[in-house]
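Letter by letter, the chains look like this.
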Amino acid sequence: MQSITVEKVNVPMTRRKQTFEDILSLLKHHNAGVRKDAIFSVRELFNDYPDLITTSMAPLFSVCARLIGDTDAGVRKALLSCFEWLLVRVAKDDLIPHASLLLLFTTSAQTHIFPEIRVDAVRYLDLFMGALPEYVVMGLGRRILDGYLGLLNVSTKFAQKASDDRNSAASTGSVTLSAQSRLVVLRSLSNFLCCAVCRGSVTDADVSGQSPAMSSFPTWFIRPFFATTRLYEEHGRLFKGLSTDNQEKQMFWTPEPASDSFDEDFAYSCNTVTSPPVASSILTELSDCFADRDGSCAFPSDVDFLMRLARALHPTLIASYLDCAPVVFSPSISPPDTDLQLLTVAMELTRTLYSVVLQSASQVSEAATHCDDLKALLGHLSGYFPFRPAHRDAKVEQALQNLNVIYCELASLLVLVLSLPGLGPTQQRGNRTPSFSPHTKVDKKLQMQTESIRSYVVRLLKGEGESGAQLPRPLTPTVYIALLPSIWALLNHLDGQNVYLDEAVSTTSSSTVKHVTIEFVARLLLLEKERGYIGSFNPRGAVADEKWLQWILHLPKVLWELNDGNLSTSVTLIQALLHLLQRGSFVVQHEVRLLSTLPYCVRASFRSSPLHTRSRGKIPGPFRKLAASSPRAARLALDLSAVLLAEWVKAISEDSSGGYEDLDRAVRAAIKGTMVKEYWAHLTSTMMPECPTLTG
């Protein structure tokens with residue numbers, strides 16, 4: 001309410017002469033139209049006076065939180081639009097104190113008697129998950145999950161054993177949602193579970209090479225093929241991303257550590273304090289809802305919790321497949337946008353839930369039952385695969401390509417799970433460790449699906465696409481990473497290694513997927529020497545040694561072409577060569593040509609170009625720019641050169657070993673005047689003391 005007795009001077013006001021206090025009062029008005037206009041005034045005032053946002057959060061959210069469940073649809077729509085505009089302008093640290101209040105009223109709206117208010121509450125949750133995902137899941141995750149399941153007519157009391165009738169999970173609720181509302185609920189539930197599982201979606205920005213955060217490279221599909229989780233995690237840490245601090249401490253390797261000069265920095269990590277909760281604690285919080293409601297929890301683990309959730313949602317997913325698949329994949333009409341999105345969300349939700357089967361299937365007692373559920377879901381789509389558009393439409397073609405990739409991942413996941421020792425163990429002669437045998441308990445129908453997947457993946461890697469469709473020729477990093485589980489399954493069960501290696505070599509250095517190909521192929525080669533690996537795939541014999549050699553020898557060329565344009569890819573490339581040499585890969589051990597050729601290729605990265613310019617003289621090699629951008633990358637390059645020199649000296653006879661001096665001279669010329677000169681001298685004196693020409 002505006003006052004006529006107090007003169008307002010130098011007070012932020014809207015065009016209607018309303019101050020922030022006036023707007024707060026109007027937000028509580030009994031008339032819905034006045035409340036709606038007050039919400040618009042909030043945005044107007046903050047847009048004109050952005051400095052007010054930070055200081056006004058507490059009183060604003062205290063009032064607006066009560067409008068989340070407002071009975072007027074116009075007020076809820078206006079508030080939703082205002083929050084969408086406002087939350088991106090508020091720092092995360094400023095939002096955290098108000099998260100509990102906002103979520104409390106949102107979960108209350110999820111249980112409102114009117115379904116439209118419950119659906120709008122889901123839209124608010126989407127906004128809050130975009131701003132504070134970990135706090136949405138951890139704060140009131142149990143109540144939020146109950147709200148989702150209630151809207152979908154799924155009972156939250158599904159702690160029965162998996163052998164019980166699946167229909168017992170169905171609720172007797174009478175909420176009937178339109179297709180658009182069901183899409184909103186399923187999409188939000190999928191995002192919610194992604195946050196809880198922490199599987200996360202990999203974006204193009206994460207893997208395009210422009211971001212140093214390359215630790216997101218997925219390896220979850222290899223996890224069951226390791227004897228223990230610890231050994232799998234060791235494999236996952238082989239390729240570490242660049243440190244954000246280029247001024248990290250430099251330490252030298254010595255044969256025996258000096259106990260009297262132990263001066264390492266205290267191992268403090270700010271992530272311990274500021275990082276969001278881990279997946280295990282999030283899922284533990286969510287799984288408590290079953291114990292609270294039923295008095296007992298037959299499946300205490302997080303994996304079993306998600307499996308029970310998958311059984312409960314199975315009828316909902318089946319219904320979405322049956323309703324949408326015939327319309328979306330019709331050969332005569334273009335798919336309606338709502339049905340296409342609904343089917344996409346249903347498949348993404350299936351992938352989120354059933355990916356846990358592959359990661360921990362050997363620890364789940366009812367894994368076979370869940371595999372049957374997944375097989376039933378895929379059975380409603382297999383007749384349409386590969387999915388083709390009825391008419392040429394770039395948007396529809398891209399959407400169907402995403403569906404094809406998700407289907408390939410789900411089918412590959414099923415094939416891999418059915419090959420686990422617990423479901424189909426086989427024993428190798430002289431080896432007591434269970435191994436994975438291809439085609440174990442994989443029926444003929446699934447084998448036919450796998451064959452069709454292989455054909456599709458091969459065509460996609462080659463950029464051919466489907467007849468009658470114009471799929472994008474260059475694969476995006478997101479699609480390529482989504483194909484990795486399918487490629488891994490094909491490598492274990494069908495021929496396809498040569499095609500993949502040929503594609504990995506032919507991918508240009510400037511391609512956004514080059515980083516992914518380098519790390520994935522390197523991991524494949526390193527599996528031979530990996531402790532605890534019990535899978536059937538073995539790089540030795542899977543592909544001709546000539547193919548592996550061709551891939552390794554093309555890496556120095558890639559390093560030269562990258563220069564300093566893609567630092568993360570260059571570091572991964574150097575790490576790949578370094579790991580292969582240090583672990584004595586069979587390609588390195590049995591190919592003398594590699595040791596006689598690779599040093600010359602690596603030397604090119606240190607030498608200046610023979611081309612001259614009038615203004616700059618000789619053009620320096622990539623190493624100088626790497627050293628300027630990242631000292632750690634420079635030291636990795638020197639580590640690789642030192643290992644190459646050491647291996648070269650051991651492998652080549654004395655009368656022809658003088659060639660290693662060319663690499664040493666190139667390195668010394670490149671590091672002249674840099675901070676890593678002392679580091680190179682220490683490496684050569686420690687690793688090759690018998691070569692005076694290197695240590696001198």
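These figures come from a predicted structure and were not determined experimentally.

A. Spotlight on the overall build of the chain. Counting its regular elements, the chain contains 33 helices and two strands. Burial analysis of the chain (696 residues in total) assigns 51% to the buried set. The contacts in the chain between residues at least 6 apart in sequence include a share of 73% that link residues at least 24 apart.

B. Representation of the packing of helix 1 (residues 20–27) against helix 4 (residues 57–64) in the model. Two numbers describe how helix 1 lies on helix 4: the axes approach to 10 Å, and their chain directions differ by 15 degrees. The angle between the axes of helix 1 and helix 4 places the two elements in the roughly parallel class. Two packed elements cross with a definite hand, and for helix 1 against helix 4 that hand is left-handed. Side by side, helix 1 and helix 4 meet where Phe-20, Leu-24 and Leu-27 of the first sit next to Pro-59, Leu-60, Val-63 and Cys-64 of the second. Taken together, the residues of the contact of helix 1 with helix 4 sort by class into seven nonpolar, no polar and no charged.

C. Quick look at unusual backbone geometry. Of the consecutive residues Phe-385 and Pro-386, the connecting peptide bond is found in the cis state with omega at -5 degrees. Positionally, Pro-386 belongs in the loop between helix 17 (367–379) and helix 18 (394–417). One non-glycine residue, Asn-153, lies in the positive phi region at around 60 degrees.

D. Quick peek at the packing of helix 2 (residues 32–48) against helix 5 (residues 73–87). At a closest axis distance of 9 Å, the pairing of helix 2 and helix 5 adopts a crossing angle of 10 degrees. By the angle class used here, helix 2 and helix 5 are roughly parallel. Relative to helix 5, helix 2 is oriented so that their crossing is left-handed. Within the contact between the two elements, helix 2 uses Ala-32, Arg-35, Lys-36, Ile-39, Phe-40, Val-42, Arg-43, Phe-46 and Asn-47 and helix 5 uses Gly-74, Val-75, Ala-78, Leu-79, Ser-81, Cys-82, Trp-85 and Leu-86.

E. Representation of the nonpolar core in the model. Judged by nonpolar contacts, the single largest core of 195 residues is most densely connected at Leu-27, Leu-60, Leu-484, Trp-488 and Trp-551. It is helix 18 that provides the largest number of residues to this core, a total of 15 residues.

F. Spatial organisation of the environment of Gly-463. Positionally, Gly-463 belongs in the loop between helix 19 (444–462) and helix 20 (477–493). Along the sequence, Gly-463 and Pro-474 sit eleven residues apart, while their C-alpha atoms lie 6.6 Å from each other.

G. Inspection of the packing of aromatic side chains at higher detail. Scanning the entire structure with this criterion turns up 18 aromatic pairs. Each ring, one from Phe-83 and one from Tyr-124, has its centre 6.2 Å from the other, and the planes form 75 degrees; the classification is edge-to-face. Within this pair, whereas Phe-83 is found in helix 5, its partner Tyr-124 is found in helix 7 (residues 115–131), the two being separated by 41 residues in sequence. Pairing Trp-488 with Phe-537 gives two aromatic rings, centres 5.8 Å apart and planes at 70 degrees, and the pair type is edge-to-face. One end of the pair, Trp-488, is in helix 20; the other, Phe-537, is in the loop between helix 22 (514–526) and helix 23 (539–542), with 49 residues separating them in the sequence. Clustering of aromatic rings is evident, with ring pairs tying together Phe-329, Tyr-384, Phe-385, Phe-387, Tyr-407 and Tyr-456.

H. Highlighting helix 4. Buried within helix 4 are the following residues: Met-57, Leu-60, Phe-61, Val-63 and Cys-64. Considered in projection along helix 4, the buried side chains sweep an arc of 165 degrees and stay on one side of the axis. For helix 4, the secondary structure elements touched by its buried residues are helix 1, helix 2, helix 3 (52–55), helix 5 and helix 6 (92–110).

The rules behind the values
Residues numbered from 1 in each chain as written. Predicted model: local features only at pLDDT ≥ 70, side-chain atom pairs only at ≥ 80, totals over all residues. Heavy atoms only, no water. Helix = DSSP H or I, 4+ residues; strand = E, 2+ residues; numbered from the N terminus. Buried < 20%, exposed > 50% of the residue type's maximum accessible area, 1.4 Å probe, protein only. Contact = heavy atoms within 4.5 Å. Axes fitted to C-alpha atoms, helices over the stretch in contact; angles between N-to-C directions. Parallel < 35°, antiparallel > 145°, perpendicular 65-115°, else oblique. Left-handed = near helix turned anticlockwise from the far one by under 90°. Nonpolar A, V, L, I, M, F, W, Y, C, P; charged D, E, K, R; others polar. Core = buried A, V, L, I, M, F, W, Y, C linked by side-chain atoms within 4.5 Å. Phe/Tyr/Trp six-rings, centres within 6.5 Å; stacked < 30°, edge-to-face > 60°. Arc of directions from axis to C-beta.

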